[in-house]
Amino acid sequence: MAAEAGPSTTPGEEMNGSGNLMDILDEPFPDVGTYEDFHTIDWLREKSRDTDRHRKITSKSKESICDFIKSLLDAWSGWLVMLLIGLLSGTLAGVIDLAVDWMTDLKEGVCLSVFWYSHEQCCWTSNETTYDDRDKCPQWQKWAELMTGSSEGAAAYVLNYFLYVLWALFFSFLAVSLVRVFAPYACGSGIPEIKTILSGFIIRGYLGKWTLLIKTVTLVLAVSSGLSLGKEGPLVHVACCCGNLFSSLFSKYSKNEGKRREVLSAAAAAGVSVAFGAPIGGVLFSLEEVSYYFPLKTLWRSFFAALVAAFTLRSINPFGNNRLVLFYVEYHTPWYMAELVPFVLLGVFGGLWGTLFIRANIAWCRRRKTTRLGRYPVLEVLVVAGLTALLAFPNPYTRRSTSQLISELFNDCGSLASSQLCDYVNDPNMTRPVDDIPDRPAGAGVYAALWQLALALVFKVVITIFTFGMKIPSGLFIPSMAVGAIAGRIVGIAVEQMAYHHHDWIIFRSWCRPGADCVTPGLYAMVGAAACLGGVTRMTVSLVVIMFELTGGLEYIVPLMAAAVTSKWVADAFGKEGIYEAHIQLNGYPFLDVKDEFTHRTLAADVMRPRRGEPPLAVLTREGTTVEDVEALINETDYNGFPVVVSRESERLVGFVQRRDLTLAIKTARQKQEGVVSGSVVYFSEEVPPLPASAPQPLKLRRILNLSPFTVTDHTPMETVVDIFRKLGLRQCLVTRSGRLLGIITKKDVLRHMAQMLNQDPDSIMFN
Amino acid sequence: MSHVCINVCIQLYLLVCFLMILSAEISAAKNAEDIRCKCICPPYKDVNGKIYNQNVSLKDCNCLHVVKPMPVEGKDVEAYCLHCECRYEERSSGTIKVTIIVYLSLLGLLLLYMVYLTLLEPTLKRRLFGHSQLIQSDDDDVGDRQPFGNTRDVPSHSNVLNKVEHAQQRWWRQVQEQRKSVFDRHVVLS
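Note that this is a predicted model, so its numbers are computed, not measured.

### Observations regarding a negative patch on the surface
Residue and element names in this part refer to chain A.
Part 1: There is a patch of like negative charges on the surface, built from E120, D132, D133 and D135.
Part 2: Along the chain, the position of D133 falls in the loop between α4 (119–122) and β2 (140–142).
Part 3: Assessed through its relative accessible area of 38%, D133 is described here as partly exposed.

Here it is in structure tokens:
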């Protein structure tokens, strides 16, 4: 690779030293250096711009007190942005949690005295709750009871059912209508698009204010409507919108796309932190899943943002227990080595489910993209919501919200639990507290619960495939954790009962001594949740950290790791991509994954354009092209940039000019500079040769020329080229031979080539 | 009422809501009803299971302070209390109230604005300007295809209201463009 010799000027920058007087007096062209929608940024240019800005501020700071203060403010603006992001993300997450809590219960009934209380809050101060019926209190009534006065019987059940479905349809209709009318970018999870944005892609409006507002409002509606989706992915999107909002207040971040992406990485960490109450897990998730470049400075700032967000959420205290997440568990019962076998089995299940889900979901989304199904988004949402509500109501485990289901599955059975799952047969003569008893035989309630849980598992597995990717905000974490938790709990109860009934088998003999805690089904549920989540998203470290921050039990790291590793291995055996990479591929975003390895033996000459039989490369010459010719070239072709050569005969490379910069410069010159007409000659050189008086005013465009484009020779192996693109974030790379320009390789060509090597469809790469 | 006023109103409203929520948590007086100690005692011998609630603070949150009247006596008290599990819980009723009301009003505002934009505005425009004006910029192919075509987008009046109205129209056009790429062409966000 030969870097072009010469000063490393960047477009729009002042250049000290030699230069025409006319050059210095020329105004820089406005808007040059900004990017088009759906294009990739130039990381190197952004980085050098930032370095220049920093150098300017530092050198000016020695001049006066005012400038010194300005330089201090500039240095601290990063931390201020993180603080603001943390505050706003925490507040929004608290609002979302409280509103979801209330609206989910609204489907079933209403609090008569104080209508804004959810079921639990309504019965909080009541003294009429009994031990057997912990949820009942007279202030909160179901709809059937409110409307007809009776709370038992078939008529009341049918009425409750009908109203449940009606509310679900109403909420989902509102959600999809708001998304459609105000902010179409607010649908979906958001994480695939944010991954692409962080890798350098521009999607204007994706992180805008309206998207933020609509995503927050419709997320509550979507979750409350009982659909099988979660709020973690959308919360990452919300946090990144906050990041974008605050970074536009400071010119350090608003004018530099590269610095802005640092802020967005940190904001993504804050988003996961408030979703799970896991600040460290959030930072690791941002590092592992979402970010593309993650310098160490961003690590500390992300942690700060995540902490501030978690602290803000805690002070809002949405769940009334000073906890951040609904399913925080606190037991510390030990686990045994022999239990690693069922944990590994749960890992295998998680991997298999992850593969199944990814394949089925991508197939369904592809169908939505290409066939008539995609033309009826509102109808689709209504049908799925109606179906979900219809099938979810009869089963008490699916009727309540998924977070509450997970919470119940994670919890161990102590005396506080009155659910069916904890209907163990107690020896009434027991004098010791309930917790101390070794495993007890399951009562009838537990077997009934097992059946219902198995049905719930099948239901959730099927319906989530159709729900994820619809035109409302939808996340994936909670449904996958629910699937895993159900499977885990079933396995846990099975192992527990096996240990009880066959305690004379070899493996159980040392395991379950009377008086010692034996099997904890809640732990199996946690491990199952981690396995399924890992199988779908292919997270590794961040998953384990999130899970143990959720539970507070450092003892459970080994089972969680075992399950996560197993599920990743099993899932990777079937396909290398997680759900987010699969969606990126489906949409054709130009995402050059850092995790992929390119090991083929092709050369740069095989990938470059123009190929044999294609029209020759469109170039501009350093002098001699008229404005008219340049305009014609821009109008006829749709290339993103043009190399500039010394002359058409020698073809020696001078630099590279972007299409957008050229367009804007010519437009501005025609409007502002006198004498520039179609016949004016364009000069990319430093000095303009003296012209006769009758010749029209020349147009000097040296400012917008990039004098150091990256070049490789045609024999450079593609492995190296891909590595360069990845590490430097290039958009295009010129190919030379013996110093003469031969062709160009763009990021799109690289992606298409990689797709071809993997026998995928190269035409699916749509963007530049 | 033009888009201008509505947009400004919504932004002011959001700012007010955000401040209200923050102030609600900061100044939430610890309502006596907002703390409680909940003790759950399972069935013991011939005593039924019962739940006890009392508004006591954290240090008094144990079986002896909360379970009143004690259903068993003497030596059984200790055994009974070992079965019971007591938990201290806190909530902020002010925050819940403010949040729900703010959210519902925001939702209501958005719904009204949506109804206005989709149903009322086209009919109003049609009545005021006639049918021909509606076919203004439906073919807004904002691309780089003809960069040197007529670029007379800059309004001639530098009237503030005109400029802001222009910005509103631009926002609506952007949303339409987004809608086309997401819902019709399925280019982004399958």
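### A look at helix α15 (residues 377–392) of chain A
Note: α-helices contain 3.6 residues per turn, so residues at a spacing of three or four share the same orientation.
Part 1: With 16 residues, α15(A) should cover 22 Å at 1.5 Å per step; its first-to-last C-alpha distance of 22 Å lies within 8% of that length.
Part 2: Residues A:P377, A:E380, A:V381, A:V384, A:A385, A:G386, A:T388, A:A389 and A:A392 constitute the buried set of α15(A).
Part 3: Check the buried side of α15(A) and you find it contacts α6 (154–182), α14 (340–370), α16 (396–399) and α18 (444–467) of chain A together with α5 (160–184) of chain B.

### With respect to the pattern of salt bridges
Residue and element names in this part refer to chain A.
Part 1: By the definition in use, this model includes 27 salt bridges over all chains.
Part 2: One salt bridge connects D97 with K231, and the closest N-O pair in it is separated by 3.1 Å. On the criterion of sequence distance, the pair formed by D97 in helix α3 (residues 65–106) and K231 in the loop between α8 (209–224) and α9 (232–247) is long-range, its members being 134 residues apart.
Part 3: Taking the relative accessible area as the measure of exposure, D97 reaches 7% and is therefore buried.
Part 4: Among the residues examined, K231 registers a relative accessible area of 13% and is labelled buried.
Part 5: Here R737 ties to D714 by a salt bridge, and the two come within 3.0 Å at their closest N and O atoms. Remark: D714 occurs in the loop between β9 (711–713) and α28 (718–728) and R737 occurs in strand β10 (residues 732–737); sequence separation between them is 23 residues.
Part 6: Judged by its relative accessible area of 5%, D714 falls in the buried class.
Part 7: Members of the salt-bridge network, linked through shared partners, are D50, R53, D74, K259 and E262.

### Examining the nonpolar core
Part 1: A:F182, A:F410, A:M481 and A:M547 are the most contacted members of the largest nonpolar core, which has 198 residues in total.
Part 2: Split by domain, this core shows at least three residues from each of two domains, domain 1 (2–27 + 95–126) and domain 3 (136–184) of chain B.
Part 3: Dropping the residues within four chain positions of it, A:F410 is found in contact with A:F327, A:V329, A:Y331, A:M481, A:A485, A:R489, A:G522, A:A525, A:M526, A:A529 and A:M547.
Part 4: Counting residues in each nonpolar core, the second largest holds 22 residues, with A:A618, A:L620, A:I666 and A:L705 among its members.

### Regarding the confidence of the model for chain A
Residues and elements named next belong to chain A.
Part 1: Residues of chain A with pLDDT of at least 70 account for 91%, and the chain-wide mean is 86.
Part 2: Segment residues 1–25: pLDDT under 50, and 35 contacts once partners within four positions in sequence are set aside and those in other chains are kept.
Part 3: Within the model, pLDDT remains below 50 along residues 431–437, and this stretch shows 11 contacts once partners closer than five positions in the same chain are excluded.

### Focus: the interface of chain B and chain A
Part 1: On the chain A side, the residues contacting the 61 residues of chain B number 75 residues.
Part 2: Buried area between chain B and chain A, summed over both chains or domains, comes out near 6400 Å², and the portion from carbon and sulfur atoms is 68%.
Part 3: Taken together, chain B and chain A are joined by 0 salt bridges.
Part 4: In this assembly, chain B and chain A are joined by 10 residue pairs in polar contact (both at pLDDT 80 or more).
Part 5: When contributions to the side of chain B that touches chain A are tallied by element, the ones reaching two or more residues are α1 (3–26), β1 (35–41), β2 (50–54), α3 (76–83), β3 (85–90), α4 (93–129) and α5 of chain B.
Part 6: Looking at the side of chain B that touches chain A, the element that brings in the most residues is α4(B), giving 17 residues.
Part 7: Here the residues of the side of chain B that touches chain A are counted per class, giving 33 nonpolar, 14 polar and 14 charged.

### Brief notes about the packing of aromatic side chains
Part 1: Per the counting criterion, the structure on display carries 33 aromatic pairs over all chains.
Part 2: A network of ring pairs unites the aromatic residues A:F182, A:W210, B:Y113, B:Y116, B:W171 and B:W172 as a single cluster.
Part 3: The positively charged end of A:R399 is found above the aromatic ring belonging to A:F393, 4.1 Å away from the centroid.
Part 4: A cation over an aromatic ring shows up here: B:K50 above the ring of B:Y52, its NZ or CZ 5.4 Å from the ring centre.

### Details of the sheet that holds β2(B)
Residues and elements named next belong to chain B.
Part 1: Taking strand neighbours across the sheet as the criterion, the 3 strands line up as β2-β1-β3 in an open arrangement whose pairing is antiparallel. The outermost strands of the open sheet, each flanked by one partner alone, are β2 and β3. Put simply, the sheet's adjacent strands are angled 20° from each other on average, direction ignored.

### What about the UniProt feature "domain: CBS" (unreviewed entry) in chain A?
All names here are of chain A.
Part 1: Sites flagged by UniProt as "domain: CBS" (unreviewed entry) map to residues 608–674 and 705–764.
Part 2: Regarding residues 608–674, the helix share stands at 36% and the strand share at 25%, and the terminal C-alpha atoms are separated by 41 Å.
Part 3: The distance separating the terminal C-alpha atoms of residues 705–764 is 32 Å; by composition the span is 37% helix and 27% strand.

### So, the pairing of strand β6 (residues 653–658) of chain A
All names here are of chain A.
Part 1: The buried fraction of β6 amounts to 6 of the 6 residues, a majority that puts the element mostly inside the structure.
Part 2: With 5 bridges joining them, strand β5 (residues 641–645) and β6 adopt antiparallel strand pairing. Counterpart to V644 in the pairing with β6 is G655.

### Re empty space enclosed by the protein
Residue and element names in this part refer to chain A.
Part 1: Scanning the entire structure with this criterion turns up 6 cavities of 30 Å³ or more.
Part 2: By volume, the largest cavity amounts to about 450 Å³.
Part 3: V100, V223, S401, T402 and S403 are, among the 35 residues lining the largest cavity, the residues nearest its centre.
Part 4: Secondary structure elements with two or more residues in the lining of the largest cavity: α3, α11 (257–276), α15, α16, α17 (402–410) and α18.
Part 5: Among the elements that make up the lining of the largest cavity, the one with the highest residue count is α3 (5 residues).
Part 6: Across the lining of the largest cavity, the residue classes break down as 17 nonpolar, 9 polar and 9 charged.

### So, the packing of α9(A) against α11(A)
All names here are of chain A.
Part 1: Between α9 and α11, the shortest axis-to-axis distance is 7 Å and the interhelical angle comes to 140°. On the basis of their axis angle, the class for α9 and α11 is oblique. α9 and α11 meet at a crossing whose hand is right-handed. Across the interface between the two elements, E232, L235, V236, A239, C240, G243, N244 and S247 of α9 pack against R260, V263, L264, A267, A268, G271, V272, V274, A275 and F276 of α11.
Part 2: Broken down by class, the residue content of the contact of α9 with α11 amounts to 12 nonpolar, 4 polar and 2 charged.

### Focus on the confidence of the model for chain B
Part 1: With 73% of its residues at a pLDDT of 70 or more, chain B has an overall mean of 76.
Part 2: Scored as a whole, the predicted complex attains pTM 0.88, and scored at its interfaces, ipTM 0.87.

### Things to note about the sheet that holds β6(A)
Residues and elements named next belong to chain A.
Part 1: If you trace the 3 strands from one edge of the open sheet to the other, you get β3-β5-β6, paired in mixed fashion. Each edge of the open sheet carries a strand with a single partner, namely β3 (620–621) and β6.
Part 2: For β3 and β5, the ladder comprises 2 bridges, and the chain directions are parallel. Across the sheet, the residue bridging to T621 is V645, located in β5.
Part 3: Running over the sheet, helix α27 (residues 659–672) touches β3, β5 and β6 and is turned about 75° from β6.

### A short note on the UniProt feature "transmembrane region" (unreviewed entry) in chain B
Part 1: Per the UniProt record, "transmembrane region" (unreviewed entry) is found at residues 100–119 of chain B.
Part 2: Taken end to end, residues 100–119 of chain B is 100% helix and 0% strand, and its two terminal C-alpha atoms sit 28 Å from one another.

Each value, and the rule that gives it
- Residues numbered from 1 in each chain as written.
- Chains lettered and ligands numbered in written order.
- Predicted model: local features only at pLDDT ≥ 70, side-chain atom pairs only at ≥ 80, totals over all residues.
- Heavy atoms only, no water.
- Patch = residues over 30% accessible without salt bridge, like charges linked within 9 Å, V, L, I, M, F, W, Y side chains within 5 Å.
- Areas by Shrake-Rupley, 256 points an atom, 1.4 Å probe, with all protein chains shown as cover.
- Salt bridge = Lys/Arg side-chain N within 4 Å of Asp/Glu carboxyl O.
- Lys, Arg positive; Asp, Glu negative; His and termini not counted.
- Charge placed at Lys NZ, Arg CZ, Asp CG, Glu CD.
- Helix = DSSP H or I, 4+ residues; strand = E, 2+ residues; numbered from the N terminus.
- Buried < 20%, exposed > 50% of the residue type's maximum accessible area, 1.4 Å probe, protein only.
- Expected span 1.5 Å × (residues − 1).
- Contact = heavy atoms within 4.5 Å.
- Core = buried A, V, L, I, M, F, W, Y, C linked by side-chain atoms within 4.5 Å.
- Domains from an automatic or database assignment.
- pLDDT = per-residue confidence, 0-100.
- Buried area = accessible area lost by both parts, 1.4 Å probe.
- Polar contact = N/O pair within 3.5 Å; in protein donor to acceptor, adjacent residues only side chain to side chain.
- Nonpolar A, V, L, I, M, F, W, Y, C, P; charged D, E, K, R; others polar.
- Phe/Tyr/Trp six-rings, centres within 6.5 Å; stacked < 30°, edge-to-face > 60°.
- Lys NZ or Arg CZ within 6 Å of the ring centre and 35° of its normal.
- Pairing = 2+ DSSP bridges.
- Axes fitted to C-alpha atoms, helices over the stretch in contact; angles between N-to-C directions.
- UniProt positions renumbered as here; feature names shortened; annotations may be inferred.
- 1 Å grid on protein atoms, 1.4 Å probe; cavity = no way out; pocket = protein on both sides within 12 Å on 5 of 7 lines; lining within 4 Å.
- Points joined across faces, edges and corners; volume = space filled by probe spheres on them.
- Parallel < 35°, antiparallel > 145°, perpendicular 65-115°, else oblique.
- Left-handed = near helix turned anticlockwise from the far one by under 90°.

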